[in-house]
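Remarks on the overall topology
Okay, here's what each chain looks like letter by letter:
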Amino acid sequence: MPALTSIRTDTGKLEIVNQLLLPHTTEFIEIRTIDDAFDAIKTMKIRGAPAIASLAALAIADYLSRGLQSTPAPEWLKDTDTLKQHVEAVLAHIYTARPTAVNLGAATRRLAKKLEASIEAGQDPRATAQALVDEAKEIDAEDVGRNKLMSKWGGEWLVEQVKARGGGGAKLNVMTVCNTGSLATSGYGTALGLITYLHETGQLQRAFFTQSTPYHQGSRLTALELQTLNIPSTMLCDSMVGSLFQHHEIHGIAVGADRIARNGDTANKIGTYNAAVLAARHKIPFIVVAPVSTVDLDVADGSGIPIEQRPAIEACCVRGALFPPVLNADGEKQQATVMVTPEGLEGVYNPSFDVTPASLITAIVTEKGVAVKKAGEDAFDLAPVV
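Residues numbered from 1 in each chain as written. Predicted model: local features only at pLDDT ≥ 70, side-chain atom pairs only at ≥ 80, totals over all residues. Heavy atoms only, no water.

**A word on the pattern of salt bridges**
Side-chain pairing between opposite charges can occur once the charged atoms of the two side chains come close. The condition that has to hold: By definition, a salt bridge exists where a carboxyl oxygen of Asp or Glu is found within 4 Å of a side-chain nitrogen of Lys or Arg. Here's how the labels work: a residue is buried when its accessible area is under 20% of the maximum for its type, exposed when over 50%, partly exposed in between, all with a 1.4 Å probe on protein chains only. The secondary structure listing takes helices from DSSP runs of H or I that are at least 4 residues long and strands from runs of E that are at least 2 residues long, numbered from the N terminus.
Applying the stated criterion to the full structure yields 18 salt bridges. Here E15 and R8 are joined by a salt bridge, their closest N and O atoms 3.0 Å apart. With relative accessibility at 26%, the residue R8 sits in the partly exposed group. Here K84 makes a salt bridge to E116, at a shortest N to O gap of 3.4 Å. Taken together, the positions of K84 in helix α3 (residues 80–95) and E116 in helix α4 (residues 102–120) put the pair 32 residues apart, joining distant regions of the chain. Members of the salt-bridge network, linked through shared partners, are R98, E308, R310 and E314.

Put into structure tokens, the structure is as follows:
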């Protein structure tokens, strides 16, 4: 069965799979406007730092392409200054959809630089807009190739680490947090890509993944991806990580990242820090796998990473298919949202991300290679991999 996809453009339209309905219903939503993209990102119909950046870029490309094809031309194409002001406003707006995921900022900054360069080169408004369309599509296209590279780097590094500890380097058990596969990227994945690489090369015994509450990206999305790829896997509740490490041989933990600070401190799905603390206690390699665009060299350490706080209601409710299954008129499983807490609960702590200190991270992998800390140091030098 082919890998899943988060974004679809082969129908002549820009569409995303509504991840809030997975794994029971596969519904593609057309993204017609910048506001549609903003809403999809904000409400987590699409999530995963690389996928968010790809959607933002493709939505801008689609928006500008429609303008170039319109008759009469939109007002913002009348001159270069008007185009510049309009595009800058669009970029600023979509960037605010989810502030922690640095890939979104990297994509908007890259488009802003292309805008400036095109104007400085003396291009007219239409040529500048087309240059932005081409650049935006390139942002999306680059993702799959770099994901496969970093997955290979990280997988091979882990195998060597296991061998150095006296292991055979095969039949590895690897745990992950949240969802970092094809649904979180433009294809293949980052941390889940590492697991996929080990499976494809015959070196994986079993993948373990946390449910990743309250949105259940693990139990809904990672479970579906691993099942689709026929990768042997086991789900565990977030609170069971310590027990897993006590009773099973786990060779490595691979996680993605929404932002990596200059020293290696890493913001990722809430629960990542918990797993890192337990991994350090059990001396299990803890690997962050993310593209160069996730590294934010302007932020010195984790204290400078903004942490998104999600609405309290999201931690009080859970959505899923009715059980036993009930089919609707279209033959699809009926879904429902239920509240698991008392109504009107006061005081709900619901950050979307936590920050894992660099001191607890064994390796950071990008498409350019693997970074490890020097002996006795708690911070990374990321220069070789950015």
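**Remarks on the packing of aromatic side chains**
Put simply, the rule reads: Two aromatic rings, drawn from Phe, Tyr or Trp (for Trp, its six-membered ring), form a pair once their centres lie within 6.5 Å of each other, and the interplanar angle then sorts them: stacked below 30 degrees, edge-to-face above 60, tilted otherwise. Our definition puts a charge over a ring when NZ of Lys or CZ of Arg is within 6 Å of the ring centre and also within 35 degrees of the ring normal.
Inspection of the entire model under this criterion finds one aromatic pair. Judged by centre distance (5.5 Å) and plane angle (25 degrees), the ring pair of Y63 and W76 falls under stacked. Of the two residues, Y63 is situated in helix α2 (residues 49–69) and W76 in the loop between α2 and α3; the sequence distance between them amounts to 13 residues. For Y63, a relative accessible area of 24% translates into the label partly exposed. Using a relative accessible area of 9% as the deciding quantity, one classes W76 as buried. A cation over an aromatic ring shows up here: R8 above the ring of F28, its NZ or CZ 3.7 Å from the ring centre.

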